[in-house]
Amino acid sequence: MSPSPPAFLADFVTSAADSQGFPPPLAFEVAVLGRSNSGKSSLLNRWLGRKALARVSKTPGRTRLINFFKVAWTKEEPPFYAADLPGYGFAVAPKAMVASWEALVRAYLGVERPNRLALVLMDIRREPQVEEINLCQWLRDLAITFRLVATKGDKLSFGARSRRLSLIQKGLGLAEPPLVFSSLTGEGREELIALAREMARRDLEKQIL
Ligand SMILES: Nc1nc2c(ncn2[C@@H]2O[C@H](COP(=O)(O)OP(=O)(O)OP(=O)(O)O)[C@@H](O)[C@H]2O)c(=O)[nH]1
Ligand SMILES: [Mg+2]
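Residues numbered from 1 in each chain as written. Chains lettered and ligands numbered in written order. Predicted model: local features only at pLDDT ≥ 70, side-chain atom pairs only at ≥ 80, totals over all residues. Heavy atoms only, no water.

On a plain count of helices and strands, the protein comes out with 5 helices and 7 strands. Overall, the protein shows an N-to-C arrangement of helices and strands of β-β-α-β-β-α-β-α-β-α-β-α. Relative to the compact-globule value of 17 Å for 209 residues, the protein shows a C-alpha radius of gyration of 16 Å, a close match. A principal-axis box enclosing the C-alpha atoms of the protein has dimensions of 45 × 40 × 35 Å. Expressed as a percentage of the 209 residues in the protein, the buried residues total 45%. Residue pairs at least 24 apart in sequence account for 74% of intrachain contacts in the protein once pairs closer than 6 positions are excluded. For the protein, the exposed surface amounts to about 10500 Å²; the carbon and sulfur share of it is 56%. Placing the 30 positive and 21 negative side-chain charges of the protein at their respective mean positions leaves the two points 6 Å apart. (Helix = DSSP H or I, 4+ residues; strand = E, 2+ residues; numbered from the N terminus. Rg over C-alpha atoms; globule rule 2.2 N^0.38 Å. Buried < 20%, exposed > 50% of the residue type's maximum accessible area, 1.4 Å probe, protein only. Contact = heavy atoms within 4.5 Å. Areas by Shrake-Rupley, 256 points an atom, 1.4 Å probe, with all protein chains shown as cover. Lys, Arg positive; Asp, Glu negative; His and termini not counted. Charge placed at Lys NZ, Arg CZ, Asp CG, Glu CD.)

What follows is the structure, encoded as structure tokens:
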């Protein structure tokens, strides 16, 4: 099967520093969460097929605001937001700044946004730490649907992966194994496109019923 073309529409809309800055919701929203350096911005660029939409950096903690991108796969499909969130965890920044990004992520998750899917990113080579455990618990408490994405899949051989994936699945008590993604090879991109399409389909069904 040939790879899907880039998203028909993928436009930066706004950056929000607090909940007042969040744009009114569209049909649905895909939020990209994960610790600093986990590959959130890279995933967005690869997923949407735009090289430099979201800013990628070697310095962890580069994304400091919530960046909203308006996306549509094709002309016919309804647009949705993809939100690139600041990373939590070991950002190279003063503690007070890190705390303010965490507050922003909390504010975003606490706000009512209909039809939201959260992608929780984790470097496939890491084991879940308190940050990931808390984030998953928090999403469950808030009844926000989420999917774990194991990023930088290209860093491990196929043989080394399955053990890492079951460690992550067990550590976070997930019903299904993480989705493996690589922004270098594009692995996992089709699954992410299918996930977003499934959200769009469910939204349409809701409108019809
Ligand atoms: N090999 C490999 N490197 C990756 C992949 N995804 C991201 N990286 C690298 O990991 C680093 C961090 O990537 P970003 O996309 O900026 O990560 P982020 O989660 O947005 O980081 P913050 O905005 O700081 O929270 C960069 O040096 C990327 O080039 C991947 O799939 N494979
Ligand atoms: Mg980023």
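Having seen it, we continue.
On to the nonpolar core, then. Residues Tyr 108 and Leu 139 are the most contacted members of the largest nonpolar core, which totals 31 residues. Mapped onto this core, the elements with two or more residues apiece are strand S2 (29-34), strand S3 (66-72), strand S4 (80-84), helix H2 (95-110), strand S5 (116-123), helix H3 (130-141), strand S6 (145-151) and helix H4 (158-172). Aside from chain neighbours lying at most four places away, what touches Tyr 108 is Phe 22, Glu 29, Ala 31, Ile 66, Phe 68, Ala 83, Leu 85, Arg 113 and Arg 116. Counting residues in hydrophobic clusters, the runner-up holds 26 residues, among them Ala 10, Val 32, Leu 44 and Trp 73. (Core = buried A, V, L, I, M, F, W, Y, C linked by side-chain atoms within 4.5 Å.)

So, on to the packing of aromatic side chains. Under the criterion given, the structure shown has 8 aromatic pairs. Ring centres of Phe 12 and Phe 69 lie 5.8 Å apart, and the angle between their planes is 65°; on these two criteria the pair is classed as edge-to-face. In this pair, Phe 12 is assigned in strand S1 (residues 9-16) and Phe 69 in strand S3, connecting sequence segments 57 residues apart. Residue Phe 69 is classed as buried on the basis of its relative accessible area of 2%. (Phe/Tyr/Trp six-rings, centres within 6.5 Å; stacked < 30°, edge-to-face > 60°.)

A few words now on the sheet that holds S2. Read across the sheet, 7 strands follow the order S1-S3-S4-S2-S5-S6-S7 without closing on themselves; strand pairing throughout is mixed. Among the strands making up the open sheet, the edge pair consists of S1 and strand S7 (179-180). Looking at chain direction, S2 and S4 are connected through 4 bridges and run parallel. Residue pairing in the sheet places Glu 29 in a bridge with Tyr 81 of S4. (Pairing = 2+ DSSP bridges.)

It is worth spelling out the pattern of salt bridges at this point. For the coordinates displayed, the defined rule picks out 9 salt bridges. For the salt bridge of Arg 35 with Glu 132, the shortest nitrogen-to-oxygen distance reads 3.0 Å. Placement of Arg 35 in the loop between S2 and helix H1 (40-48) and of Glu 132 in helix H3 is noted, with a sequence separation of 97 residues between them. Take Arg 35 and Glu 132: they sit in the same class, and that class is buried. A salt bridge links Arg 125 to Asp 123; the nearest nitrogen and oxygen atoms lie 2.7 Å apart. On the accessibility criterion, Arg 125 (38% relative accessible area) is partly exposed. (Salt bridge = Lys/Arg side-chain N within 4 Å of Asp/Glu carboxyl O.)

With that out of the way, let us pick up helix H5 (residues 189-208). Along its 20 residues, H5 runs 29 Å from first to last C-alpha, staying within 8% of the 28 Å computed at 1.5 Å per residue. Within H5, burial applies to Arg 189, Leu 192, Ile 193, Ala 196, Met 199, Ala 200 and Asp 203. Buried residues along H5 cover an arc of 120° about the axis, so they all sit on one side. (Expected span 1.5 Å × (residues − 1). Arc of directions from axis to C-beta.)

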